[in-house]
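Topology and contacts: notes
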Amino acid sequence: MRRAWLRAAIVPVALLLSACATQSPVSSPTPEPLSPTPSVTTASETALTGNGDVPEVLDPDLLEHLPVTVHSQSGYQQHIFATWPEFGKPKIDAAIRGYYLSTIKQFEQDYPQPADPEAPSPELNLDWHLLAASPSMIGIVADGYQFAGADASDLWHSMWFDPSTDTVYQPADLVNSYAVSTALVGLEPSRRTMVTTLDLSPLGSNPYGAATLVAFTGNGDLIVGFDECQVAACVEDRVTMTIPATTVAPMLTAAGKRAQAAEMDPVDPTTTASTSASSPSPVPVVTPQPTAKKVNCKKLKCVAITFDDGPGPYTKTLLSYLKAGNVPATFFMLGQQVDTYPHTALAVAKAGHEIGVHTWSHRDLTRLSPIQIDKEITSTVDIIRNETGVTPTLLRPPYGAVNSTVRKEARKAGLAVVLWNVDTLDWKTRSTPKTVKAALRDTRRGSIILLHDIHKTSVAAVPDIIAGLQAKGYTFVTVTDLLGNPQPGVMYRYGR
Ligand code: NI
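Nothing here was measured: the structure is a model prediction, and the numbers come from that model.

Scoring rules and cut-offs
- Residues numbered from 1 in each chain as written.
- Predicted model: local features only at pLDDT ≥ 70, side-chain atom pairs only at ≥ 80, totals over all residues.
- Core = buried A, V, L, I, M, F, W, Y, C linked by C-beta atoms within 7 Å.
- Buried ≥ 20, exposed ≤ 12 C-beta atoms within 10 Å, placed from the backbone.
- Contact = placed C-beta atoms within 7 Å.
- Axes fitted to C-alpha atoms, helices over the stretch in contact; angles between N-to-C directions.
- Helix = DSSP H or I, 4+ residues; strand = E, 2+ residues; numbered from the N terminus.
- Parallel < 35°, antiparallel > 145°, perpendicular 65-115°, else oblique.
- Left-handed = near helix turned anticlockwise from the far one by under 90°.
- Nonpolar A, V, L, I, M, F, W, Y, C, P; charged D, E, K, R; others polar.
- pLDDT = per-residue confidence, 0-100.
- Arc of directions from axis to C-beta.

**Here we look at the nonpolar core**
Most often, soluble globular proteins have nonpolar side chains that are buried together. Counting 61 residues, the largest nonpolar core has Ile384 and Ile449 as the members making the most contacts within it. If we skip the residues at most four places from it in the chain, Ile384 touches Met333, Val338, Ala345, Ile355, Val357, Val390 and Pro392. One finds Tyr100, Val239, Leu252 and Ala262 within the second-largest nonpolar core, a separate group that totals 59 residues.

**Observations regarding the packing of helix α11 (residues 370–388) against helix α12 (residues 404–412)**
Between α11 and α12, whose axes approach to 10 Å, the crossing angle comes to 50 degrees. Between α11 and α12, the angle is such that the two are oblique. For the pair α11 and α12, the crossing hand works out as right-handed. Along its contact with α11, which presents Pro370, Ile373, Asp374 and Ile377, the element α12 presents Thr405, Val406 and Glu409. When the residues that make up the contact of α11 with α12 are grouped by side-chain class, the tally is four nonpolar, one polar and two charged.

**Remarks on the confidence of the model for the chain**
When pLDDT is averaged along the chain, the result is 86; 86% of the residues meet or exceed 70. Low pLDDT, under 50, characterises residues 1–46; the predicted model gives this stretch 112 contacts beyond four residues in sequence or across chains. Below a pLDDT of 50 lies the segment residues 273–280, which in the model reaches 13 contacts outside its immediate sequence neighbourhood of four places, other chains included.

**A word on α12**
Within the sequence span of α12, burial applies to Val406, Glu409 and Ala410. One side of α12 holds all its buried residues, which, seen down the axis, span an arc of 105 degrees. Among the residues trailing α12, Gly414 stands out with phi positive, at a value near 80 degrees.

**A word on unusual backbone geometry**
In this structure, Pro311 follows Gly310 across a cis peptide bond, with omega equal to 0 degrees. Turning to its location among the elements, Pro311 is positioned in the loop between β10 (301–308) and α8 (315–325). Its identity as a non-glycine residue notwithstanding, Leu425 has a phi of 55 degrees, on the positive side. Under the C-beta neighbour-count criterion, Leu425 is labelled partly exposed, with 13 such atoms within 10 Å.

Written as structure tokens, this is what we have:
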């Protein structure tokens, strides 16, 4: 339960238990009875790390009826990957985006790419999770991992807002800050977590004001969280302190009470009376489309076009371009994105494209233990299979970072390791013309072309890439068709 990635991988469990997961095909063959209040989601397990109580995260499907889009930013030289939600509300979105972009900027300044190419790349990974939801209050937490060349640390940052009025709440808006600070200082040892070196004094007279996480337990206890090294020795991981619901009750503002309720009894934020007692949708049965005719890559000039980091808000547009060009593609999906965009993942599968694994949370796998690598892979295999009916056979490790341990874990999971030999640098240039130019210039027979469907500019490049390469006599196939019979644990950069 300790390391960072678990925070996200727990979510599918919650999804199983969630009434809102009724459209999720995950569920057991015997349909489970609908709960009397179908819009209530319960998270079954804590999903963030920390030394004390941590808030439970909710199934992002709960936001399904809100126009939420998930944005991503990535970098390769410095290994940066961040995803965050936007709600179409100017103030809320500015606050969320502001946090993520400033954290990235700070990281880039603090930990520039080392001049020595052999030195390990600094890495920043920023996820987001849903903490609480109601028509008048949503809570999210940014959950981060940072590797700075020598040591790694976790960070988190909670954000609370009212989607109905576009209001952003600061921690001090939720409680009487002075009362909570006093309570924190006076907490009995058991509520101060098991950390022995906990020391609030460096934070001055208002420890609460320095907290990076404010949330609640399912019982309504207030959780106040701090980053690593903030109030305890750096070896201690993140720290939380818990004030019991009865004690904290008189300290809560009206907004704080709404936040507490939205975490204890989350409901679909678009609920007016009672939304969607949606009936369970059937398990997807994906009949892979008869891939046109079987293409013979010994005779034809075959290439494979691949899309990483999705599915995302632009993936459906991409599907229409691929359909128009009659082009099969290969999508290396992130588990966390499939969790957020399950219907899009299913649409990709239904259109007959190949789906591979890009891990759950886009961590550099060469920094993880075999157990962590296994969980990053198998949790993603599971959610892809559950949401799309497809069992993936390919792994693309984030950043193309591979070592013998990664290959071994891939082999155990039955996955071939697929890199690329045409890097369009679309993630870097964010330029449609440059992306098209790179793809047309560098592609040869057997090439595997790397693109990212989380960027609008990349998706916009696809029609010209298809037309340009078809004009040069290339035939698009999936990665598996290009490679012929890719073997688990073996690494490929191009095919025939
Ligand atoms: Ni990636």
